[in-house]
Amino acid sequence: MDLHEDARSQQNDLARLRRDLHREPEIGLDLPRTQERVLRELDGLGLEVSTGTDTTSVTAVLRGEGSARDSAQPRTVLLRADMDALPVQEATGLDFAATNGAMHACGHDLHTTSLVGAARLLHTHRDRLNGDVVLMFQPGEEGWDGAGVMLKEGVLDAAGRRVDAAYGLHVFSSMLPSGQFASRPGTLMSASHKLLVTVHGEGGHGSMPHRAKDPISAAAAMITSLQTMITRRLDIFDPAVLTVGVIRGGTKRNVIPATAEFEATVRCFSDETAALLDTAIRETVDGVARANGVTADVVFENEYPVTVTDVDETAFGAEVVRETIGEQYYTELPNPVAGSEDFSRVLAAVPGTFLGLGALMPGLEPHTAPNNHSPYADFDPSVLSRAATVYAELAVRRLDRFAEGALR
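Residues numbered from 1 in each chain as written. Predicted model: local features only at pLDDT ≥ 70, side-chain atom pairs only at ≥ 80, totals over all residues. Heavy atoms only, no water.

- The name recorded for the protein chain in an unreviewed UniProt entry is M20 family metallopeptidase, from Amycolatopsis silviterrae.

### Topic: the sheet that holds strand 12 (residues 259–268)
Part 1 of the argument: With antiparallel pairing, the four strands of this open sheet are ordered in space as 10-12-8-13. Either end of the sheet is taken by a strand with one partner, and the two such strands are strand 10 (240–249) and strand 13 (295–302). Neighbour-to-neighbour, the strand axes of the sheet open up by a mean angle of 15°, direction not taken into account.
Part 2 of the argument: Both strand 8 (residues 191–200) and strand 13 contribute to a ladder of eight bridges, which runs antiparallel. (Pairing = 2+ DSSP bridges. Helix = DSSP H or I, 4+ residues; strand = E, 2+ residues; numbered from the N terminus. Axes fitted to C-alpha atoms, helices over the stretch in contact; angles between N-to-C directions.)

### Describing the pattern of salt bridges
Part 1 of the argument: Across all of its chains, the model carries 33 salt bridges by this definition.
Part 2 of the argument: The partner of Asp13 in a salt bridge is Arg16, and the shortest N-O contact between them spans 2.1 Å. Highlighted residues: Asp13 and Arg16, both in helix 1 (residues 3–23), separated by three residues, approximately one helical turn.
Part 3 of the argument: The exposure class assigned to Asp13 is partly exposed, which follows from its relative accessible area of 40%. (Salt bridge = Lys/Arg side-chain N within 4 Å of Asp/Glu carboxyl O. Buried < 20%, exposed > 50% of the residue type's maximum accessible area, 1.4 Å probe, protein only.)

### So, the sheet that holds strand 15 (residues 330–332)
Part 1 of the argument: Spatially, 1-2-4-3-5-16-6-15 is the arrangement adopted by the eight strands of the open sheet, whose pairing is mixed. In the strand order of this sheet, the two ends are held by strand 1 (48–51) and strand 15, each with one partner. Strand-to-strand twist across the sheet, computed as the mean angle between neighbouring axes with direction ignored, equals 20°.
Part 2 of the argument: Here seven bridges tie strand 5 (residues 165–172) to strand 16 (residues 352–358), and the two strands are oriented parallel to one another. Its bridge partner being in strand 16, Ala166 is matched across the sheet by Gly352.
Part 3 of the argument: Across the sheet, helix 3 (residues 108–124) is in contact with strand 2 (58–63), strand 3 (76–82), strand 4 (132–138) and strand 5; its angle to strand 3 comes to roughly 150°. (Contact = heavy atoms within 4.5 Å.)

### Side note on the packing of aromatic side chains
Geometry of an aromatic ring pair is reported as the spacing of the ring centres plus the angle between the planes.
Part 1 of the argument: Counted by the stated rule, this structure contains two aromatic pairs.
Part 2 of the argument: When the ring of Tyr167 is compared with that of Phe316, the centres are 6.1 Å apart and the planes differ by 45°; the resulting orientation is tilted. Remark: Phe316 occurs in helix 7 (residues 311–324) and Tyr167 occurs in strand 5; sequence separation between them is 149 residues. Each member of the pair, Tyr167 as well as Phe316, is classed as buried.
Part 3 of the argument: Note that Arg398 overlies the ring of Phe316, its terminal NZ or CZ placed 5.9 Å from the centroid.
Part 4 of the argument: One cation-aromatic arrangement involves Arg398 over Phe402; the distance from NZ or CZ to the ring centre is 3.9 Å. (Phe/Tyr/Trp six-rings, centres within 6.5 Å; stacked < 30°, edge-to-face > 60°. Lys NZ or Arg CZ within 6 Å of the ring centre and 35° of its normal.)

### Digging into the packing of helix 1 against helix 2 (residues 32–42)
Part 1 of the argument: Here helix 1 crosses helix 2 at 160°, and the two axes come no closer than 10 Å. Here helix 1 is positioned roughly antiparallel relative to helix 2, judged by the angle of their axes. Classified by chirality, the crossing of helix 2 by helix 1 is right-handed. Here Leu17, Asp20 and Leu21 of helix 1 come into contact with helix 2, specifically with Thr34, Arg37 and Glu41. (Parallel < 35°, antiparallel > 145°, perpendicular 65-115°, else oblique. Left-handed = near helix turned anticlockwise from the far one by under 90°.)

Right under this line is the structure:
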């Protein structure tokens with residue numbers, strides 16, 4: 001099978017689908033238009049399709065027709081693509097830019113399109129497919145734990161038995177050259193945590209701060225102290241990142257409000273550091289609050305766990321890229337990435353791996369191009385056929401290995 005050649009013949013259709021998805025981004029767990037479009041694209045492929053009850057997910061099972069499929073226990077591989085966008089006002093100037101206040105600033109429109117392309121490839125070559133493939137089209141990756149919802153709804157058992165291996169893919173608008181795949185065995189991406197701090201003071205007139213208890217100045221001191229805490233309480237070889245993205249407080253410049261609050265994302269790479277962060281953050285905030293004569297409520301919540309790839313499956317993924325796309329198109333990352341993924345929940349349940357794919361626009365440099373989540377982020381659509389190829393090849397070759405009794 002030359003899946004790559006077949007995928008290249010789909011490139012123009014895939015690029016059109018990606019543009020259509022990009023024009024109408026949707027946020028969170030409820031993506032009705034995106035779900036409808038995916039269902040339409042999968043229609044006619046002979047898939048066993050189901051949709052979520054608590055989210056607008058799409059799960060499609062493709063039954064292989066290869067000789068090993070007739071065994072009493074046919075093997076199953078899962079391929080996942082996330083479909084949701086971000087609450088970002090697009091500023092790319094593209095003629096298909098979104099105008100509804102949301103944006104596919106993380107490239108999920110490319111993921112969805114690539115998995116549709118892989119579904120078509122696998123359908124065309126199902127007579128060689130020695131097992132079944134579960135296609136996981138997931139809403140709500142951007143902070144909504146859509147993967148967790150789909151796991152509860154049974155996506156891992158959609159084919160009638162637990163999947164044996166799982167693979168995901170993510171594009172990047174910077175960092176990697178276009179068409180370059182990358183991953184690493186073991187710890188690949190960080191865990192994520194939500195931090196919400198509410199500071200309670202006493203309101204008053206801005207001209208007489210000594211008659212009030214200012215929560216804004218206390219919140220500012222907390223933010224600065226938390227950054228210092230990160231560098232002084234944690235091992236630099238087991239690091240963390242704390243970024244405050246939201247500050248709220250006050251109604252008028254000459255009024256000291258009664259409350260102020262800030263929100264942060266916290267990333268780390270081990271359970272031990274996560275536990276230490278919980279304690280250290282509370283101690284830091286409490287100490288600053290007492291020094292300023294205010295009180296503070298702290299909410300520190302675990303979101304996504306560390307993304308840990310299987311060593312053998314990651315070596316297999318690298319092999320697939322090198323043999324189907326080219327030896328030079330795979331790079332092993334020297335360090336984990338501080339981004340987080342709810343696909344980590346899938347990899348915690350079954351062996352698998354997660355691949356990064358550079359989608360750098362022509363003429364840009366990897367280290368200066370707008371990053372994922374930027375309102376200026378743009379992605380090279382020429383990678384779509386490569387992504388579809390790798391998705392499909394991972395499934396075909398893994399099922400072949402199962403049939404041969406290798407990589408158990």
